[in-house]
Amino acid sequence: MDATDLVVSLGGTTILDGVSLSVEAGELVGLVGPNGAGKTTLLRTLAGYLTPDAGSVRVDGDDVHALTSKAASRRVAVVPQSSAFSFDFAVHDVVAMGRHPYRSRLRPADDADGAARVEAALERCELTDLADRPVTAVSGGERRRVLLARALAQDTLVTLLDEPTAGLDVNHQIRTLDLIRDLVDDGRRAVAAIHDLGLAARYCDRLVVLSGGCVHAAGPPAEVVTRDALRDAFDATTAVGTDPVTGTPSVTPLTHPADRDAHVHVLGAGDAAVGLLEPLVTAGYRVTVGPVVDGGLDHEAARRLDRPAVTTPPFGAVSDDAFERAAAYCRGADVVVVPDDARAVGANARLVAVADETVIVDDAHAAVRGLVADALRRSGTTSASAE
Ligand SMILES: Nc1ncnc2c1ncn2[C@@H]1O[C@H](COP(=O)(O)OP(=O)(O)OP(=O)(O)O)[C@@H](O)[C@H]1O
């Protein structure tokens, strides 16, 4: 599927402004972005439901918007966000609606294997036992699986999913994404809008970050899910790490503090700064670190939290260059935090001398946020009422 330069307006407002996206066979593309970014609008346009003001969507060479709705539905299936049903059809019959694009009163043989595909879709989505139950009498999570089964029965080249895991318990979230992954690994193409960035990063081959109707970033999850990209697209402060089990990016959203633009520089040595970085980053401060030993625990903590660090080689003295870079951070910082253990280590005493405002922290790491907030007030960076 290739979507090129899509422009879509709704109610006189431009909702998508030049969006391009492609999905190869065997690829799951995750669509992420803040509320109102245009994800649903994009999926509806890719499905052919909305006609763009400009741009095109091609599946296997065909322009989706030039096809009849039945022909488009033989190529693209949609799992919508809403799973509300106003009619009490049996679960089986809802899933069988996926075969509608293949049925014709004049040529019933066209859908000879339709019944088998419906049964297979019910089974794959663990719905066989609910097949005769009215769809209005199953749980919200089960209804979402019914919609997924309908899309499977539709047997299309491309599947578009709008929040496929919304409202599912943790077990069914994973089972649903495993199922989508299986389909894709069988050679299909899928695009899924997913709000959970950790799950999106874990399951998708590529992510497209949509913000304000434009593609903000696109690429493999590890390249796209970064603290800076998430701040720009979502206006969110996050800590981005690596999930120790899956090895894919993990995202921890953090609180927006009133003084979140304050720059806090932490002097390191040994593992003295390790416990200080997390509470400061969690508080949302712009944290820099150093000098720290290259590959040491302080450095690892800074890397995990995606914070810039000035490093020095193990066993070496702090070079002039490293000193200058750390001194520049100290001069520019609103507060310099000095772990008590590290006060007299290496070049730290000289670096403290160039800082305007310093805070010395003993091993009570949790107290560092309060000490920094006090120092920011002392220096006039924030007022008490802004806290
Ligand atoms: N029919 C419409 N007329 C005018 N504006 C609309 C219409 N439908 C959607 N919008 C607007 O288009 C923007 C994008 O909506 P869309 O539902 O595509 O976003 P989304 O990224 O899917 O959001 P969410 O994550 O909240 O589901 C929103 O600002 C929405 O208010």
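Just so you know, these numbers come straight off a predicted model, no measurement behind them. (Residues numbered from 1 in each chain as written. Predicted model: local features only at pLDDT ≥ 70, side-chain atom pairs only at ≥ 80, totals over all residues.)

Tell me about helix α11 (residues 297-304), and name the residues and values.
Because each turn of an α-helix spans 3.6 residues, side chains separated by three or four positions in sequence point in the same direction. Taken together, the buried positions of α11 are Asp298, His299, Ala301 and Ala302. Down the axis of α11, the smallest arc covering the buried residues is 160°, so these residues share one side. Where α11 ends, the next residue or the one after it, Asp306, has phi of about 60°, a positive value. (Buried ≥ 20, exposed ≤ 12 C-beta atoms within 10 Å, placed from the backbone. Helix = DSSP H or I, 4+ residues; strand = E, 2+ residues; numbered from the N terminus. Arc of directions from axis to C-beta.)

Any details on the environment of Val287? Residues and values, ideally.
Note on placement: Val287 falls in strand β14 (residues 286-293). Each C-alpha atom of the pair Val287 and Leu277 lies 7.6 Å from the other, and the pair is 10 residues apart in sequence. The contact partners of Val287, leaving out residues within four places of it in the chain, are Val264, Val266, Leu277, Leu280, Val281 and Arg307. (Contact = placed C-beta atoms within 7 Å.)

An account of the domain arrangement of the protein chain is requested, with residue identities and associated values reported.
Taken domain by domain, the protein chain consists of domain 1 (2-252) and domain 2 (263-386). Relative to domain 2, the C-alpha centre of domain 1 lies at a distance of 45 Å. Ranked by residues supplied to the side of domain 1 that touches domain 2, first place goes to strand β11 (residues 237-242) with four residues. Here the residues of the side of domain 1 that touches domain 2 are counted per class, giving two nonpolar, three polar and one charged. (Domains from an automatic or database assignment. Nonpolar A, V, L, I, M, F, W, Y, C, P; charged D, E, K, R; others polar.)

Got a sec to walk through the sheet that holds strand β7 (residues 158-162)? Specific residues and values, please.
Taken in spatial order, the six strands make up an open sheet running β6-β7-β8-β3-β9-β10, and their pairing is mixed. The open sheet has two edge strands with one neighbour each: β6 (76-79) and β10 (214-219). The mean angle between the axes of side-by-side strands here comes to 15°, regardless of whether they run parallel or antiparallel. Here strand β9 (residues 206-211) runs beside β10; their pairing, made up of five bridges, is antiparallel. Each bridged residue has a counterpart across the sheet, and for Leu207 the counterpart in β10 is Gly219. (Pairing = 2+ DSSP bridges. Axes fitted to C-alpha atoms, helices over the stretch in contact; angles between N-to-C directions.)

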